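Residues per chain are reported as follows:
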Amino acid sequence: MRLQLTACAACALALAGSARAEGLRLTQDTLLYSDSDSVMVASPQLALHHELDEGGGEVGARVVVDMVSAASVDVVSHASKRFTEVRQEIDLDVSKAFGRHLPSLGYRYSRENDYWSHGVTLGWRETLSPDTTVQASYGLTLDQVARAGDSRDNTHALRTHNT
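Residues numbered from 1 in each chain as written. Predicted model: local features only at pLDDT ≥ 70, side-chain atom pairs only at ≥ 80, totals over all residues. Heavy atoms only, no water.

(A) Region of the structure containing the pattern of salt bridges. Per the counting criterion, the structure on display carries seven salt bridges. Close ionic contact of Arg-25 with Glu-58 constitutes a salt bridge, the shortest N to O distance being 3.7 Å. With a gap of 33 residues between them, Arg-25 in strand 2 (residues 24-34) and Glu-58 in strand 4 (residues 58-70) connect regions that are remote in the sequence. Close ionic contact of Arg-62 with Glu-89 constitutes a salt bridge, the shortest N to O distance being 2.8 Å. Of this pair, Arg-62 sits in strand 4 while Glu-89 sits in strand 5 (residues 83-95), placing them 27 residues apart in sequence. (Salt bridge = Lys/Arg side-chain N within 4 Å of Asp/Glu carboxyl O. Helix = DSSP H or I, 4+ residues; strand = E, 2+ residues; numbered from the N terminus.)

This is the structure in structure tokens:
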């Protein structure tokens, strides 16, 4: 797994960057993490945004894949095998300017073998002057968490609100 993460990281770094066409922006980057407990995480992500108007309106999509390879303290202390997990996420968002107002809507779906999550965000921004902006947002996340190896029928639901 370490070789796979290293190869993935090298490819992602080689491809890192962004491309821009008229009103279109494609970006790719990779987040890498490791620590002294033998935890390694690689998170390549790809995003595509299309400008709808000059007031900040756009439509966009982003895809992320977290690849985790670890030996936690519990795993090490019990001489268990290392574990690996993959989390996949997709984000969709849209905003459209109406004069000084910029309402927005976003959706996020994330999953791994024992976790499923849906999130929705509503936002609003108003430009009062060239250097003054007022902004507010509300988000709702609905998660389902299971024990690793359990069926999806045996989950615990979590609901999170944020502003």
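Continuing now.
(B) The layout of surface pockets, seen in detail. Its volume calculated, the largest pocket comes out at about 260 Å³. Residue lining of the largest pocket: 17 residues in total, with Leu-102, Ser-104, Gly-123, Trp-124 and Gln-135 positioned closest to the centre. For the lining of the largest pocket, the secondary-structure elements that each account for two or more residues are strand 5, strand 6 (101-112), strand 7 (115-129) and strand 8 (132-145). The element that contributes the greatest number of residues to the lining of the largest pocket is strand 7, accounting for five residues. A breakdown of the residues in the lining of the largest pocket according to their chemical character gives six nonpolar, eight polar and three charged. In terms of lining residues, the second largest pocket is bounded by 15 residues, among which Asp-91, Gly-106, Tyr-107, Arg-108 and Thr-121 are the most central. The class makeup of the residues in the lining of the second largest pocket is four nonpolar, seven polar and four charged. (1 Å grid on protein atoms, 1.4 Å probe; cavity = no way out; pocket = protein on both sides within 12 Å on 5 of 7 lines; lining within 4 Å. Points joined across faces, edges and corners; volume = space filled by probe spheres on them. Nonpolar A, V, L, I, M, F, W, Y, C, P; charged D, E, K, R; others polar.)

(C) Region of interest: the environment of Ser-95. Following the sequence through the fold, Ser-95 ends up in strand 5. Once the C-alpha coordinates of Ser-95 and Gly-56 are considered, the two residues, 39 residues apart in sequence, prove to be 7.4 Å apart. Polar side-chain contacts of Ser-95 include one of 3.4 Å to the backbone oxygen of Gly-56. (Polar contact = N/O pair within 3.5 Å; in protein donor to acceptor, adjacent residues only side chain to side chain.)

(D) Main features of the environment of Thr-132. Following the sequence through the fold, Thr-132 ends up in strand 8. Relative accessible area serves as the criterion here: at 33%, Thr-132 is assigned to the partly exposed category. Residues in contact with Thr-132, not counting those within four places in the same chain, are Glu-126 and Thr-127. Of note is the side chain of Thr-132, whose polar atom sits 3.3 Å from the side chain of Asp-131. (Buried < 20%, exposed > 50% of the residue type's maximum accessible area, 1.4 Å probe, protein only. Contact = heavy atoms within 4.5 Å.)

(E) Seen up close, the side chain of Thr-141. Along the chain, Thr-141 turns up in strand 8. Among the residues examined, Thr-141 registers a relative accessible area of 15% and is labelled buried. Filtering out sequence-adjacent residues up to four positions away, Thr-141 remains in contact with Arg-108, Ser-117, His-118, Gly-119, Leu-158, Arg-159 and Thr-160.

(F) Molecular detail of the pairing of strand 3 (residues 40-51). Strand direction decides the pairing type here: strand 2 and strand 3, joined by eleven bridges, are antiparallel. Across the sheet, Leu-32 pairs through a bridge with Ala-42, a residue of strand 3. Counted between consecutive antiparallel strands, the loop separating strand 2 from strand 3 contains five residues, among which Ser-38 sits at a positive phi close to 65°. Sheet topology places strand 3 next to strand 4; ten bridges connect them, and they run antiparallel. Of the residues in strand 4, the one forming a bridge with Glu-51 is Glu-58. Hairpin connection from strand 3 to strand 4: six residues lie between these consecutive antiparallel strands, with Gly-56 at a positive phi of about 105°. (Pairing = 2+ DSSP bridges.)

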